[in-house]
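Residue-level structural notes
Here is what each chain is made of, one letter per residue.
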Amino acid sequence: MSRFWSALVNQLTPYVPGEQPKTDNLIKLNTNENPYAPSPVAIKAMQGAANAKLRLYPDPESADLKACIADYYELKPQQVFIGNGSDEVLAHCFQALLKHEQPLLFPDITYSFYSVYSRLYQIEYQQIALADDFSICLDDYKLPNGGVIFANPNAPTGKLLALESIENFLQHNTQSVVVVDEAYIDFGGQSAVTLVDRYPNLVVIQTLSKSRSLAGLRVGFAIAQADLIDALERVKNSFNSYPMDRFSTTGAIAAINDHEYFGAQCDKIINSREWLTAQLAGIGFSIIPSKTNFLFVSHKTLPAGHIATTLRDKNIIVRHFNQPRIDNYLRITIGTQQECESLVAALNEIVI
Ligand SMILES: *Cc1c(COP(=O)(O)O)cnc(C)c1O
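Residue positions within a chain follow its written sequence, with the count starting from 1. At least 70 in pLDDT is required for a residue's local features to be given in this predicted model, at least 80 for side-chain atom pairs to be given and counted, and no such filter applies to totals for whole chains, interfaces and linings, which use all residues. Hydrogens and water molecules were not included; the side-chain quantities draw on all heavy atoms of the structure.

**A closer look at the domain arrangement of the protein**
For the domains described, the bounds stem from an automatic or database domain assignment. Under the domain assignment, the protein is made up of domain 1 (24-37 + 260-351) and domain 2 (40-257). Summed over both partners, the interface of domain 1 with domain 2 buries about 2,100 Å², with 65% contributed by carbon and sulfur atoms. As used here, buried area is the combined drop in accessible area, with a 1.4 Å probe, of two parts when they are placed together. A per-residue breakdown of the area domain 1 buries against domain 2 is headed by Phe262, Lys291 and Arg325, which together make up 32% of the total. The rule for a salt bridge is simple: a side-chain nitrogen of Lys or Arg has to be within 4 Å of a carboxyl oxygen of Asp or Glu. Run the count over domain 1 and domain 2 and you get 1 salt bridge. In this structure, Arg325 engages Asp108 in a salt bridge whose closest nitrogen and oxygen atoms are separated by 2.9 Å. In the analysis that follows, any N or O atom pair within 3.5 Å is treated as a polar contact, provided that within protein one partner can donate a hydrogen and the other can accept it, and provided that, for residues neighboring in sequence, both atoms belong to side chains. Our count for the contact surface shared by domain 1 and domain 2 stands at 9 residue pairs in polar contact (both at pLDDT 80 or more). Going along the chain from the N terminus, every DSSP run of H or I of four or more residues is numbered as a helix, and every run of E of two or more is numbered as a strand. When contributions to the side of domain 1 that touches domain 2 are tallied by element, the ones reaching two or more residues are helix H9 (259-282) and strand S10 (294-299). Sorting elements by how many residues they give to the side of domain 1 that touches domain 2 places H9 first, with 6 residues. In terms of residue class, the side of domain 1 that touches domain 2 is made up of 14 nonpolar, 6 polar and 5 charged. Asp, Glu, Lys and Arg are counted as charged, while Ala, Val, Leu, Ile, Met, Phe, Trp, Tyr, Cys and Pro are counted as nonpolar; the rest, among them Gly, fall into the polar class.

**Quick word on the packing of helix H4 (residues 85-97) against helix H7 (residues 226-236)**
Here H4 crosses H7 at 105°, and the two axes come no closer than 9 Å. Our classification of the angle between H4 and H7 gives roughly perpendicular. Contacts from His92, Cys93, Gln95, Ala96 and Leu97 of H4 reach H7 at Leu228, Ala231, Leu232, Val235 and Lys236. Axis geometry follows a simple rule: fit a line to the C-alpha atoms, using only the stretch in contact for helices, then measure angles between N-to-C directions, giving values from 0 to 180 degrees. In these notes the angle categories are as follows: under 35 degrees is roughly parallel, over 145 is roughly antiparallel, 65 to 115 is roughly perpendicular, and the rest is oblique. Here, residues are in contact when the closest pair of their heavy atoms is within 4.5 Å.

**Let's talk about the site of the ligand**
Being near a molecule or strand, for a residue, comes down to having at least one heavy atom within 4 Å of it. All residues in the neighbourhood of the ligand are listed as Gly85, Ser86, Asp87, Tyr111, Asp181, Ala183, Tyr184, Thr207, Ser209, Lys210 and Arg218. The side chain of Thr207 places a nitrogen or oxygen atom 2.5 Å from an oxygen atom of the ligand. A distance of 2.6 Å separates an oxygen atom of the ligand from a polar side-chain atom of Ser209. Per-element accounting of the shell around the ligand gives the leading share, 3 residues, to H4. Broken down by class, the residue content of the shell around the ligand amounts to 3 nonpolar, 4 polar and 4 charged.

**Things to note about the sheet that holds strand S9 (residues 285-287)**
Across the sheet, 5 strands lie side by side as S1-S11-S12-S10-S9; this open sheet has mixed pairing. The open sheet terminates on both sides in strands that have one partner only, identified here as strand S1 (27-29) and S9. Put simply, the sheet's adjacent strands are angled 35° from each other on average, direction ignored. Most of the contacts of helix H11 (residues 337-350) go to S1, to which it runs at about 95°, and overall it touches S1, S9, strand S11 (316-320) and strand S12 (330-333). Here, any two strands with at least 2 DSSP bridges between them count as paired.

**Brief notes about the nonpolar core**
Note on terminology: a nonpolar core comprises buried Ala, Val, Leu, Ile, Met, Phe, Trp, Tyr and Cys residues joined through side-chain atoms within 4.5 Å. Burial here depends on accessible area, computed with a 1.4 Å probe over protein chains only, as a share of the maximum for the residue type. Under 20% is buried, over 50% is exposed, and the range in between is partly exposed. Ranked by size, the top nonpolar core spans 51 residues in total, and within it Leu65, Ile69, Phe150, Leu202 and Ile223 carry the most contacts. Looking at which domains feed residues into this core, each of domain 1 (24-37 + 260-351) and domain 2 (40-257) gives three or more. Other than its neighbours up to four places away in sequence, Ile69 contacts Val80, Ile82, Phe221, Ile223 and Ile256. Judged by nonpolar contacts, the second largest core, of 35 residues, contains Tyr184, Cys266, Ala304 and Ile307.

If you want it as structure tokens, here you go:
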């Protein structure tokens, strides 16, 4: 607090990201990064972009990347918006599309940036409780609202909502924008991108940070009908004309075009996830069925906080949220198969 701060800044509660430790000797299962390297083709393309052209500004429209994403999803480039990580895309959605008279609705347990952005942009919001099994019940969102946002699969629960439930809700909720944050959709879900042509109020957001191993590059995008995309462009062009640098556009295009590598890495994660689920179930954990690159688990006898601290002493970091309803759960990112095996070995020593 300072007398020089604006009243708004005094009221903010900024997002706290998971720890990024400075040492390399840790098994890092706390921030849902992909344990595998990005596509080698993408890395090579970015190395090639380290040249004299860096003296020039990048394309403010990111037209090549828009065309690449439009191609991938068989859409028009005017239906694509690109930002510096999906966090920035989300922020622009809050400001451009989700601030209205009625409150914005989102789950009580979900990505914590939603409440952070609501406060930043002074948007009134109402949190809707997940069911006891942690599923999102969209029937509970059939209320007067100025917008709806949820992650599918949800985070940190990992639970997937069927595409039919989303479409049913869109048929009912026609008067406000519905944002579906699909940060984890490539790990086994069905994307709502296929609904965009039929629902003028739907925005689907994805990222290259998780399934494409490019968290360090900061590339995210939104898919929607052109007039919603226009709203995002208006905010972006009132804020930063060049959110995408020359490396990120080049690297993102190469990564998206490397279908084979992408598929193989996703399959590896999914296989390790299923293996880890079975192993943890065998040592007394209950596990929410996950369609993401993480598991949300609780142990039948040991408190989550104790397990997290003990794992940390064994150089393994997982995420524990000290928050009502989920304070006895751990969110564990799927590492390489070898990391998953080390985790199981460490847990075996803890839970005996
Ligand atoms: C990781 C994550 C994001 C942010 O992704 P970036 O593209 O790295 O900003 C957005 N939403 C959810 C639910 C996430 O888990």
